[in-house]
Amino acid sequence: MKLKKLLAAGSLLTVVTLTLSACNSQKTPSSSHKPAAKQVLNWSLQTELATLDSVTVTESGSADMINNSMEGLFVLKHNKPTTGLATDTKVSNDGLTYTFTLRKRTKWSNGDPVTANDFVFAWQRLIDPKNGSLSAYMYSGIKNADDILAGKKSPKTLGIKALNDHKLVVTLDKPLPYLKLLLTDVSFFPQNQRAVEKFGKKYGTSSDTTVFNGPFLLKGWTGSNLNWKLVKNKNYWNKKHIKLDKINFKVDKSLTTAYDLYQADKVDFTHLSAEQAKQLAGQPGYRVLHRAQNTYLKFNEAKKEFQNKKIRQAISYALDRKQLADTVVGGGSIPLTNLVPKGVSTFKGKDFATWAKTKVGASYDPKLAHKLLKEGLTEIGEDHFEFTLLGQDTEISKKESEFIQSQIEQTLPEIKVQTNNVPIKNQIARGTKGDFDVALTGWLADIADPSNFLVILTKGNSNNMGKYDNPKYNALMQAAETTDAMNKDKRFADLIAAAKLLNEDQPVVPLIQAGTPEMLRPTVHGMVQNTAGLTENFRSVYITD
């Protein structure tokens, strides 16, 4: 899953840097290493594409494809907003009105010009409750967004207006000092109204039913196949700085297969398993990406067993996070002590995760787990139960699922666990419908701020699929976003208290913060991997001999 969250004013942003773990890290090529005549990159992925519709996208892999084939007002590069379609930005003295001047002579792949009205159409489409966008909540702070989501006002009243083809005005309910950074997200990209209306519900379900305005055009995706390509867009406004002619993508859910292809020079990039990372650390091309990302278990509280706090706590205490991080996932992964991973932000010189750490919740204590389970089962009038753990069908998710299944059944024999690993598109669809018992999932922040992780468990949030509802938690998050938003001390006190409350309630079970070990061929240069938000940016990539 990827996070799309609009920051409250006064929040603290800490940029997380990319960590490259390698004895032979990549270096800028010398002048003797000229760009190769054939600028074709071959890229291995673990998950399939789910959609190309920037309104309905919910996970990071699809968002990365949208980010490289489409473009908004700004482009995320090294965790900062850089030039996109906006050539000038003027902000009113009260910080509530932004006027953007758009780049002229930009085109969609169907030949239509890109205009300010394309932003108005896309934003109104996304905020419309009937379209069910899981990202709609992040518009909070834009004028009338909250009332639109509550069904009190029409999407047409959203604070966005096109003065002409190249002037766009955005009006806010409250100052959002990081608006430019937020506008790098695909949820704020424009859409071609003619194409969306032409294809209807099929828009974004294949490359043939989508139009593009970015540095590359996506081709060859039927909606279900496991390979496609990005081809240089000859009509892109900055095409002279795009060096790659083509990027071939291939989904390999087996990391063994993917690395075999890397060794055979058939792909230039692959993720690595824990075992592979141990063997390859220090080799040319080896690197580890540390993102603002977590992995956790999500309980469906519509189920009787998971309405009981002691049962949720018991499952959490039954899991050895250190063993999961060290032996199953590897690659520099570390155990989580709460939902917010390390390195997201600091407060008074100390990491937020340290502030929010508690003695209860995210720790390994088999005896306490057994005690709590016995008490919880008595409270619901049962002596045993079983549930299905819904994971993804990637190699690493399968290993994580098997580990969790084994630990729970060994520590808590009253619980039987079935595993069901499905394509990510199916997992998201089932989660949205509430068709799950427990889901093994994760969260990648768009903005390096604790609220990005904590807001997803507030009442009514579209990503709160387990239906957790604690009035005290909701009040803390509401205060952090409103009354305390401009006071850094009060805001962080609210967020720390909210994070500690999650550790007590355990509506989700924080597991690990994964380091992502990778192999990137040393002849590939200029690759940008952001650690918060949209990860892959291919705009600056080139290949040498």
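Residues numbered from 1 in each chain as written. Predicted model: local features only at pLDDT ≥ 70, side-chain atom pairs only at ≥ 80, totals over all residues. Heavy atoms only, no water.

## Details of the packing of aromatic side chains
Turning to step 1, where the next piece is worked out: Taken as a whole and assessed by the stated rule, the structure comprises 19 aromatic pairs.
Turning to step 2, where the next piece is worked out: Ring centres of F249 and F538 lie 5.9 Å apart, and the angle between their planes is 75°; this geometry places the pair in the edge-to-face category. Here the residue F249 occupies a position in strand β10 (residues 246–251), and F538 occupies one in the loop between β24 (536–537) and β25 (542–543), the gap between them amounting to 289 residues.
Turning to step 3, where the next piece is worked out: For F249, a relative accessible area of 2% translates into the label buried.
Turning to step 4, where the next piece is worked out: Here F347 and W355 contribute two aromatic rings whose centre-to-centre distance is 5.6 Å and whose plane-to-plane angle is 55°, an arrangement assigned as tilted.
Turning to step 5, where the next piece is worked out: The structure contains a cluster of three or more aromatic residues connected by ring pairs, namely W43, W228, F249, F269 and F538.
Turning to step 6, where the next piece is worked out: Stacked on the ring of W355, the Lys or Arg K350 has its end atom at 3.9 Å from the ring centre. (Phe/Tyr/Trp six-rings, centres within 6.5 Å; stacked < 30°, edge-to-face > 60°. Helix = DSSP H or I, 4+ residues; strand = E, 2+ residues; numbered from the N terminus. Buried < 20%, exposed > 50% of the residue type's maximum accessible area, 1.4 Å probe, protein only. Lys NZ or Arg CZ within 6 Å of the ring centre and 35° of its normal.)

## Regarding the environment of K229
Turning to step 1, where the next piece is worked out: As for its position among the elements, K229 is in strand β9 (residues 227–232).
Turning to step 2, where the next piece is worked out: Between the alpha carbons of K229 and K246 there is a distance of 6.9 Å; along the sequence they are 17 residues apart.
Turning to step 3, where the next piece is worked out: Setting aside residues up to four positions removed in sequence, K229 forms contacts with L217, L218, K219, K246, I247, N248 and F249. (Contact = heavy atoms within 4.5 Å.)

## Notes on the packing of helix α15 (residues 471–481) against helix α16 (residues 488–505)
Packed helix pairs are specified by the crossing angle of their axes together with the interaxial distance, meaning the distance between the axes.
Turning to step 1, where the next piece is worked out: Between α15 and α16, the shortest axis-to-axis distance is 8 Å and the interhelical angle comes to 155°. For the element pair α15 / α16, the angle class is roughly antiparallel. For the crossing formed where α15 meets α16, the hand is left-handed. Residues K472, Y473, L476, M477, A479 and A480 of α15 touch α16, and the partners they reach there are R491, D494, L495, A497, A498, L501 and L502.
Turning to step 2, where the next piece is worked out: Split into classes, the residues belonging to the contact of α15 with α16 amount to 10 nonpolar, no polar and 3 charged. (Axes fitted to C-alpha atoms, helices over the stretch in contact; angles between N-to-C directions. Parallel < 35°, antiparallel > 145°, perpendicular 65-115°, else oblique. Left-handed = near helix turned anticlockwise from the far one by under 90°. Nonpolar A, V, L, I, M, F, W, Y, C, P; charged D, E, K, R; others polar.)

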